[in-house]
Each structure stands twice: as C-alpha cells, then as structure tokens.
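# Structural overview
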Amino acid sequence: MTTGDRPPRSAFVLLALVMGAIVANINLSIANVALPTIGHDLNASQDQLTGIANAFALGLASTVLYLGTIGDRYGRKLLFVLGGFLTIPTALLAAWAPNAEMLTVARFLGGIAAALLFPTTLSLINALYKNKAKVGAIALWSGIGGGGAALGPLIGGWLLESYWWGSVFLITLPLDIIALIVGLIVLPWHASEEKFRVDHLGGILSVLGVGGLVLSIEIADKGFTPGWFTLFFSALIALALFFWRQTKAPRPLISLPLAKARTFWVAFVAGAITFGSLIGAMFIGQQFTQNVLGYTTFQAAEVVLPAAIFTALGGALGGKLISGKGSQFTFMLGLGSVALAFTMMLITWTDQAQLGWILAAYTFMGLGVGLASTSASRALMSSVPPSRGGMGSSFLDLTRDFGGAILQALMGGLLAAAYASHMLSSISAAPSDEASQITDQVSDQLTGSFTSAADVAQQYPQYSTDILSAASQAFTDGKSVAIVVALAMTLIGLVLVLARFPGKAKEEAFYEQVAAMEPASSQAQATPSH
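Scope of this entry: the structure provided in the associated data block. Since this is a predicted model, take the numbers as computed values, not measurements. (Residues numbered from 1 in each chain as written. Predicted model: local features only at pLDDT ≥ 70, side-chain atom pairs only at ≥ 80, totals over all residues. Heavy atoms only, no water.)

For an α-helix, 3.6 residues make a turn, and residues three or four places apart therefore share a direction. Among the 11 residues in helix α2 (residues 31-41), eight count as buried, and that is most of the element. When α2 is considered as a whole, its buried residues turn out to be Ala31, Asn32, Val33, Ala34, Leu35, Pro36, Ile38 and Gly39. The first or second residue beyond α2 is Asn43, which carries a positive phi of 55°. (Buried < 20%, exposed > 50% of the residue type's maximum accessible area, 1.4 Å probe, protein only. Helix = DSSP H or I, 4+ residues; strand = E, 2+ residues; numbered from the N terminus.)

Below you can see the structure in the form of structure tokens.
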C-alpha cells in the first residue's frame, strides 16, 4: 500500500533511484578528467579523445528510447537490475582497455548499460510519487544526481594522483552495487506498466536514426566525405521512417500528441541545451585547466567542486521555485546562469586565468544546470501519464545524452579544428631553419593534440618554450570558438522558453489534464507490488 503521495520505505526507494542516477551521470562524463593522461598513455589523438568522451553518450542516446518502452511493458525494475549488473563488466573493460579503440568500445557498451539503468529511475519516481511529493523527489533526483556527477571528476582526479587512468572507470562500482542491493529489496517489480505489443520496428529505427545522427556529428570535423554524407542521410532517412512508423504503430514508442505539447518539446530542446552545455564545459574545462594552466589532474578536478555543490543546491532551490513561480521562471533563471558562466569562460579563461574566475564560472554553471534540469525533469515527466513514464524518462535521458553528445561533439570538433588550424599557422610561420626540421610525422603530432605537442616539446628541448606557447595559444583559441557556439545555443534556449513555454497557471492546468488520461487499470498498478 502507498502512504499518501509516497511509496512504502520512501527513503530507501529514493536512495536506490538517486544512486542509480548518480552512477549513470558520473559515467557519462568521468572520462573527461583523465583525457590528458589517456592521450599520453595510449598515444591518442584529439579526435580519438573526443571519440572516447562521446562513446558512452552515443551508446546511451541511441538505445534509451527503445529500452524505455521495453521497461514500460516488462517492468522498470527488471531493466534497473539488468543495467546495474551490466555496468560492472563494462567498467572493468574500460579500466583495463589496452588501446584507444578498445576503450571507445567499452565506453559505448557502458552507455547501453546506462540506457537500461538510468531511465527507469525517473520512470519509477513518476509512477510511485504524486503531487508535491513528486516535485520534491524529482528535485532531489535531479539535484543530487547531477551534483554527484560533478563530484566524479574530483574523485577521479584524486585517483589519478596515485593510480593509472583506468581507475576512474571503477569509481561507480561501489555505488552501483549499493543501488542494486537496495533496489532489489525495496523497488516494486511492477508500477503503472501496461500490457501492450512493443513496437520493435520503431525501436530499431530509433537506434539507427539517433545513433547515426549523433555519430555523424561526432565525426563531422574530419571532413564531409562521401562516407559522412552516407551516414548522415541514412540517419535522417531512419528518423523519417521512425516518425512515420509512430503514426501507424498500435502503441508507438512516442505519443506524438503528447510530444507536441509545449511543456514537452520546449523542455526537451532547452533541457538538451542545458545538459549539453554542462558536459561540453566539463570536456573543455578539464583539458584547458590541465593543458594550458598546468593544473594537476586533482587540481583540475578540485575546481569543478563548486559545480557539484551548486548543481545540488540549484536542484533543491528549483523544486521550491517551481512550486511557487512555475517551471518557465525557473528554467529561464537556470539558462541565464549558464549563459553567464559561458561568458566568464569566454572572457576570463586565458593562459593567465585567475583561480577565482575558474571557480566562479563553474559555480554559475552548476547553479544554472541545477535550476534548469529540475524544470526540464518536472515538465517532461508531468507531460505524460505514469503508464507512459518510459517515454518521458527516455526523452529526459536524451536531453542529457543526445544534448551531451551533440554539444560535446560540436565543441570537441570545433576545438580540434581550431587547434589544428592555429598550429598549422604557427608551423608555416616558423623560420626556415626550424621549419626544415619539422617532418610530416612531427607536424601530425603538433596538430594532433596538446599532449602530443607536449611530447614533441620534450623531444626538442631547444624549442620547448615556443612549442608549448603555440600549443597553449592554439588550445585557448579553440576553446573560445567552442564556447561562443555553446553560449549562442544557450541564449537560443532562453528565448525559446520565454516565448513558448506556458506560464504557471496554464502549465498546471495541462498537467491535470494529463493525469486524467491515466487508465484506471494503470492507476491500480501504481500501488507497488513486491
């Protein structure tokens, strides 16, 4: 029996679900803190480092919609348990990967495990909690889950001080085991699921379409070759067929009438920009502070701590602001804070950047993400009935993973392209006696990544200062190009929420209509059965 608006043993239910969210969130970005070390130890290029950073999000984003629907049909706890178990071998494979290619594969498989685990956490909250209890649970899930993800790099940086780079991929294993044990004990095997025939054809098309689109964006910086166009247009065709299929399937993966609601699609677009901004900023920031400012891995992780703290605080504050002023106000406040953070990064993050500006940027980034993510979570989940929880949680997951993959790939690609362009200009401007010593192999190393340029500097100590100076300037220029794009997208998201997201009264009225759609049979199932 439920107790009011909460399930029995609510504290332990939330412990399992929030812990599961933290595991997925940490794994999504944990590679970032180790990228410079991975680049050095595995001799990985900047493109390979971007691929390693993006592989987890690619695996998660491409499968989450399909798997979320399977959870709606066969039970969310089943997927939660499967995801928790599969997280263990994929983490071990990543930790002991012998090369960049194997590490990329391991991260991709880890993303699929997270696609089983992560969406079910929010689907169960949506099914088991009601009214203000649901808003509070979502705020806790969003704030602590997001803040925990930002803590990952700090722990990773500490581990890298004493252990090999693979140790960062083992951070989540204790948390994963706790989530599994507690979840097996307290989570219901069934809560608001429906019996229906899963649209497997639509699921396969979603995997091909989303996965192909994300991958094509990730490799766009390598050039628009015939192979790239083939991949890109194949993804578009798969997505077109997927949406056509959604109009024909008896029980589609996406309910298009629900998806057309402004509380749903605006929250999805703005949420994707928010989460993508956070992941992109972490991806750029970890490399910038280590490569350009010379921070150790632990120091680079320490400066991210304000993001973790203020993401959690922003989530808690967001829950209160949503209850009082509505999601639109809270969303705009969050996006405004993210925009301010990017402005600080653009203006103050130079090769002489002061620690205060680094901390301030991460503070406003964390606060903004906490506010906006709580708004997006509440809007997406309240825009669908509990029986459609897989759709809502999958789209929320896509805001993190699709948005993260897109912005991280975009920012990473811009960084790599701008870095290589600047280094080529520096090579061309070198005096003739120095230029004659730059072989094609050395040139490839100089333009490949900052870490490979640093290796060249060690090989040629007489030119070390010039090489490192050019590499630092190239990386800083690349960082600025990437952040300008992220700032522009954040401002677009802010305008979108202002113009299209409904005010508090209309928002709450719509959610009441959605709640009335739930069939009586599904409402009866919402009482947990263990």
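We now examine the pattern of salt bridges. For the structure on display, the rule yields three salt bridges. A salt bridge links Arg378 to Glu507, with the shortest nitrogen-to-oxygen separation between them at 3.7 Å. On the criterion of sequence distance, the pair formed by Arg378 in helix α15 (residues 355-382) and Glu507 in helix α21 (residues 504-516) is long-range, its members being 129 residues apart. Each member of the pair, Arg378 together with Glu507, is buried. Residue Arg378 is joined to Glu508 by a salt bridge in which the shortest nitrogen-to-oxygen separation is 3.0 Å. Here Arg378, found in helix α15, pairs with Glu508, found in helix α21; they are 130 residues apart in sequence, far enough to count as distant. (Salt bridge = Lys/Arg side-chain N within 4 Å of Asp/Glu carboxyl O.)

What follows is about the packing of helix α4 (residues 76-95) against helix α7 (residues 172-186). Between α4 and α7, the least distance of the axes is 10 Å, while the angle of their chain directions is 160°. Considering their axes alone, α4 and α7 lie roughly antiparallel with respect to each other. The interaxial crossing formed by α4 with α7 has left-handed handedness. Residues Lys77, Phe80, Val81, Gly84, Phe85, Thr87, Ile88, Ala91 and Leu92 of α4 form the contact with α7, whose own contacting residues are Leu173, Asp176, Ala179, Leu180, Gly183 and Leu184. Looking at the contact of α4 with α7, its residues break down into 10 nonpolar, three polar and two charged. (Axes fitted to C-alpha atoms, helices over the stretch in contact; angles between N-to-C directions. Parallel < 35°, antiparallel > 145°, perpendicular 65-115°, else oblique. Left-handed = near helix turned anticlockwise from the far one by under 90°. Contact = heavy atoms within 4.5 Å. Nonpolar A, V, L, I, M, F, W, Y, C, P; charged D, E, K, R; others polar.)

No statement about biological role is implied by the geometric values presented.
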